[in-house]
Amino acid sequence: MLTILFDGIAYGMLLFILACGLTITLGLMNFINLAHGAFAMTGGYVTVVMMNRYGIAFYWCLPAAFLVSAALGAILERTLYRQLYQASHLDQVLFSVGLVFMSVAAADYIMGGQQQLIQLPPELSGRAEFFGVGIGRYRLFTIVICAALALALQLILAKTRFGSRLRAAVDDRRAAMGLGINVSAVFALTFAFGSGLAGLGGAMGAEILGLDPNFPLKFMIYFLIVVAVGGTSTVSGPFLAALLLGIADVAGKYYVPAIGPFVIYGLMIIMLILRPAGLFARGGR
């Protein structure tokens, strides 16, 4: 039981890192970016290429995945996404869905359609026993890294000047510009940072979730569930939602494998009935 709980927490933490970039772009920037999974896939493939083709250590691949995905996000934001900030949500959805299918085709052409595998370092492989509970070393590593990132993200958005500027730019763009805030630069940095987090999640999730060209399509619904259940007004909501969904998904597939994949959707329906605006939605949102 405790092992399942631990694995569910690790899975939930990973879901949060993968989805928190979407939380930022949707909740703070009011842009529906369904191509978010493509940046996660980019980070995963960066890790696969660096490790399997060039023999670079796994620990160096993680920051590289973040930086490459962030750079790609910054380039696309400057050239494509910024043109649609004021467009309708339908236009944003159609645009980002188109990017998803383009990324799937590009990944299949460049990397092939087979499942990609990575070899973890020996110290992260296998399981360790703590008080009779079997704990996967890599899942423990995932929990520690993702928890640190979640805390850092919350502090950046709530306590730093950049977070204040971002909230001001979202609440009233014209007023923020009148106060001397470079809204365009703030949005570009925010989008790049969210894309980088997705790439980091994709790199860390390559061993747990698997990696193939259909990754953005397979996990798009999971990202949306985390954001829908957690809400978009805070980071705490998606974090708690990801933990609940991760535990429910792992437990459901273990205890009721026949209907395991549907447990997470049932939980989503219940949560949305009880809290339709999200777990930590603010009044008036």
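Values in this document were obtained by computation on a predicted structure and should not be read as measured data.

1. Thoughts on the overall build of the chain
Here's step 1: Assigned secondary structure in the chain consists of 11 helices and 2 strands.
Here's step 2: Ordered by position from N to C terminus, the α and β elements of the chain give α-α-α-α-β-β-α-α-α-α-α-α-α.
Here's step 3: Taking 19 Å as the expected radius of gyration for a compact globule of 285 residues, we find that the chain reaches 19 Å, a close match to that expectation.
Here's step 4: Contacts in the chain between residues at least 24 apart in sequence constitute 76% of all its contacts with a sequence separation of at least 6.
Here's step 5: For the chain, the exposed area adds up to about 13,500 Å²; of that, 68% sits on carbon and sulfur atoms.
Here's step 6: Across the chain, the centroid of the 17 positively charged side chains sits 10 Å from that of the 11 negatively charged ones.

2. Thoughts on the nonpolar core
Here's step 1: Phe 16, Phe 58, Tyr 81, Leu 153, Phe 187 and Met 204 are the most contacted members of the largest nonpolar core, which totals 86 residues.
Here's step 2: Considering every element that reaches this core, the biggest residue donor is helix 1 (residues 2-28), with 13 residues.
Here's step 3: Other than its neighbours up to four places away in sequence, Tyr 81 contacts Phe 31, Asn 33, Ala 35, Phe 39, Leu 76, Phe 95, Leu 99 and Phe 191.

3. Description of the pattern of salt bridges
Here's step 1: Taken as a whole and judged by the stated rule, the model has 5 salt bridges.
Here's step 2: Arg 139 is the partner of Asp 7 in a salt bridge, and the nearest nitrogen-oxygen pair spans 3.7 Å. You can see Asp 7 sitting in helix 1 and its partner Arg 139 sitting in helix 5 (residues 137-159), a full 132 residues away along the chain.
Here's step 3: Its salt-bridge partner being Asp 249, residue Lys 253 comes within 3.3 Å of it at the nearest N-O pair.

4. Structural notes on the packing of helix 10 (residues 236-255) against helix 11 (residues 260-274)
Here's step 1: In the contact formed by helix 10 and helix 11, the axes pass within 7 Å of each other and the chain directions differ by 150 degrees. In terms of axis orientation, helix 10 runs roughly antiparallel to helix 11. In this structure, helix 10 crosses over helix 11, and the sense of that crossing is right-handed. Between helix 10 and helix 11, the contacting residues are Leu 244, Leu 245, Ala 248, Asp 249, Gly 252 and Lys 253 on the first element and Gly 260, Pro 261, Val 263, Ile 264 and Leu 267 on the second.

5. Thoughts on the side chain of Ser 103
Here's step 1: Mapping Ser 103 onto the fold places it in helix 4 (residues 89-111).
Here's step 2: Residue Ser 103 is classed as buried on the basis of its relative accessible area of 15%.
Here's step 3: Setting aside residues up to four positions removed in sequence, Ser 103 forms contacts with Ala 38, Met 41 and Pro 216.

6. A word on the UniProt feature "transmembrane region" (unreviewed entry) in the chain
Here's step 1: In this structure's numbering, the residues bearing the UniProt feature "transmembrane region" (unreviewed entry) are residues 12-36, 56-81, 93-112, 138-158, 179-200, 220-247 and 254-274.
Here's step 2: Secondary structure within residues 93-112 divides into 95% helix and 0% strand; the distance between the first and last C-alpha atoms comes to 27 Å.
Here's step 3: Between the end C-alpha atoms of residues 138-158 there is a gap of 30 Å, over a span that is 100% helix and 0% strand.

Definitions and cut-offs
Residues numbered from 1 in each chain as written. Predicted model: local features only at pLDDT ≥ 70, side-chain atom pairs only at ≥ 80, totals over all residues. Heavy atoms only, no water. Helix = DSSP H or I, 4+ residues; strand = E, 2+ residues; numbered from the N terminus. Rg over C-alpha atoms; globule rule 2.2 N^0.38 Å. Contact = heavy atoms within 4.5 Å. Areas by Shrake-Rupley, 256 points an atom, 1.4 Å probe, with all protein chains shown as cover. Lys, Arg positive; Asp, Glu negative; His and termini not counted. Charge placed at Lys NZ, Arg CZ, Asp CG, Glu CD. Core = buried A, V, L, I, M, F, W, Y, C linked by side-chain atoms within 4.5 Å. Buried < 20%, exposed > 50% of the residue type's maximum accessible area, 1.4 Å probe, protein only. Salt bridge = Lys/Arg side-chain N within 4 Å of Asp/Glu carboxyl O. Axes fitted to C-alpha atoms, helices over the stretch in contact; angles between N-to-C directions. Parallel < 35°, antiparallel > 145°, perpendicular 65-115°, else oblique. Left-handed = near helix turned anticlockwise from the far one by under 90°. UniProt positions renumbered as here; feature names shortened; annotations may be inferred.

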